Amino acid sequence: MNKTQKICLLGATGSIGSQTLDLIRSAPQNYQLHSLAVAGSNLEKLISIIHEFKPKLVAVKNKEIADNLKLALKHKTEILTDLNLLASDSEIDNIIVAVVGSIGLEPTFIALKNNKKAIIANKETLVAAGELIQPYKSQIIPADSEHVALHQCLAGCQKSEVKTLYLTASGGPFYNSKLDFAQIKPTQALKHPTWNMGPKITIDSATLMNKGLEVIEATVLFGASYEQIEVLIHPQSLVHSLVEFIDGNILAQLGPNDMRLALQYALDWPERKPNLANKFLNLKQMSKLEFFEPDLKRFKCLQLAYQAGKMGKTYPAVLSAADEIAVELFLQERISFAQIPELIEKTLDKHQSQEVNSLEIIKQADKWAREQVYSFL
Ligand code: MG
């Protein structure tokens with residue numbers, strides 16, 4: 001692919017969005033920001049992005065933000081309040097879904113139905129809508145480092161040749177700590193040892209829910225069963241995942257722990273291009289690579305994710321939505337770190353599941369779960 005890729009970026013001001021913009025900035029001959037959407041209301045940041053990248057279309061949350069933005073802009077950009085219009089624009093080559101939450105669902109499906117490539121960093125799409133996304137799997141490229149690793153290790157092999165998928169996890173800030181989970185403050189949980197990410201995913205890494213959601217995503221993306229997926233704590237975060245084949249051979253993918261490498265892989269696939277972050281691993285300075293079994297009793301969220309994934313139907317959607325609210329409540333210091341899995345478990349227990357045969361069903365389950373978590377307070 002030698003032409004410039006026209007990109008629709010949903011979630012331009014978050015962590016993944018900013019790192020995507022970094023790549024676009026470094027290689028304007030390869031990528032062009034055609035359109036973008038933001039879920040938040042950081043107008044200053046948004047204006048500077050629009051002035052720098054001059055996208056054709058921008059979508060914001062509501063009319064008030066749209067009106068303020070129009071007044072502040074020098075560049076002639078069309079401002080909309082509907083993400084779906086961005087996704088349905090025929091000019092785009094691919095969509096990067098980096099918004100948090102179920103807001104990413106509908107535009108992703110619109111882009112997929114229009115035969116666009118979708119780079120999905122939004123967990124809800126793969127976790128909650130895993131069944132609906134199956135017909136479009138060949139158009140989806142993962143953006144998460146673990147799935148990018150598996151995507152590379154699994155290239156060219158048959159499903160029947162795979163024995164185990166090993167997803168690695170740094171373990172987050174509390175893996176080796178003896179801290180009482182009821183006493184942990186958001187500032188402590190927000191300090192991730194190896195990765196630089198947004199607040200929701202950083203808390204999810206501390207509870208290991210992030211890994212649980214990635215396990216569900218891996219079943220969707222690679223057609224593996226839950227019995228075939230194992231999580232390994234790997235504190236160095238250099239091996240991003242591994243595949244063990246039935247003949248006993250194991251392939252691992254290693255690389256610097258910088259999200260831009262995973263995003264660039266997704267953007268350039270099936271080609272490989274020079275590393276725009278200019279980061280390379282120095283194997284001679286790598287002293288050790290360690291792997292441990294996760295403690296499922298202490299990190300209950302991982303276990304809950306396996307359970308919800310195995311139960312299927314609307315359970316994964318409920319897990320993901322309940323987690324989103326629980327994390328929000330923890331960040332607002334309204335619940336303790338220990339209560340995050342407690343509230344999610346209670347919500348799952350109360351849920352009456354349904355078959356997932358439409359986006360509407362997922363949205364209903366999502367809404368129900370959010371309200372349910374609040375009702376337990
Ligand atoms: Mg990850």
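One can find the structure itself at the top, above this paragraph.
## What about the state of the cysteines?
Tallied over the full model, the rule gives zero disulfides. Distance from the sulfur of Cys153, which forms no disulfide, to the nearest cysteine sulfur (Cys157) is 9.4 Å.

## As for the coordination of the magnesium ion
Each protein donor to the magnesium ion is listed here as Asp144 (OD), Glu146 (OE) and Glu214 (OE); together their distances run 2.1 to 2.4 Å. When the donors of the magnesium ion are listed by position in the chain, the intervening gaps give D-x1-E-x67-E. Of the two residues, Asp144 is situated in the loop between strand 7 (140-142) and helix 8 (145-153) and Glu214 in helix 11 (residues 209-222); the sequence distance between them amounts to 70 residues. A relative accessible area of 13% means that Asp144 is categorised as buried. The class of Glu214 is buried, set by a relative accessible area of 1%.

## As for the sheet that holds strand 10 (residues 239-245)
With respect to topology, four strands assemble into an open sheet ordered 9-8-10-11, the strand pairing being mixed. The sheet is open, and its two borders are formed by strand 9 (229-233) and strand 11 (250-254), each paired with just one other strand. Looking at each pair of strands side by side, their axes are set apart by 20° on average, direction ignored. The pairing of strand 8 (residues 162-169) with strand 10 spans five bridges and is classified as antiparallel. Residue pairing in the sheet places Tyr166 in a bridge with Leu242 of strand 10. Contacts between helix 8 and the sheet are confined to strand 8, strand 10 and strand 11, with strand 10 contributing the most and set at about 35° to the helix.

## Let's talk about a nonpolar patch on the surface
Together, Leu254, Leu283, Leu289 and Phe291 give the surface a local cluster of nonpolar side chains, amounting to about 340 Å² of exposed area. Phe291 sits in the partly exposed class, given a relative accessible area of 35%.

## Some words on the packing of aromatic side chains
Tallied over the full model, the rule gives eight aromatic pairs. Here Tyr175 and Phe299 contribute two aromatic rings whose centre-to-centre distance is 5.9 Å and whose plane-to-plane angle is 25°, an arrangement assigned as stacked. Residue Tyr175 is found in the loop between strand 8 and helix 9 (186-189), and its partner Phe299 is found in the loop between helix 12 (259-268) and helix 13 (300-311); the two are separated by 124 residues along the sequence. Exposure class is identical for Tyr175 and Phe299. Each is buried.

Reading guide: rules and limits
Residues numbered from 1 in each chain as written. Predicted model: local features only at pLDDT ≥ 70, side-chain atom pairs only at ≥ 80, totals over all residues. Heavy atoms only, no water. Disulfide = S-S within 2.5 Å. Donors = N, O, S within 2.8 Å, 3.2 Å for Na, K, Ca; no water. Helix = DSSP H or I, 4+ residues; strand = E, 2+ residues; numbered from the N terminus. Buried < 20%, exposed > 50% of the residue type's maximum accessible area, 1.4 Å probe, protein only. Pairing = 2+ DSSP bridges. Axes fitted to C-alpha atoms, helices over the stretch in contact; angles between N-to-C directions. Contact = heavy atoms within 4.5 Å. Patch = residues over 30% accessible without salt bridge, like charges linked within 9 Å, V, L, I, M, F, W, Y side chains within 5 Å. Areas by Shrake-Rupley, 256 points an atom, 1.4 Å probe, with all protein chains shown as cover. Salt bridge = Lys/Arg side-chain N within 4 Å of Asp/Glu carboxyl O. Phe/Tyr/Trp six-rings, centres within 6.5 Å; stacked < 30°, edge-to-face > 60°.

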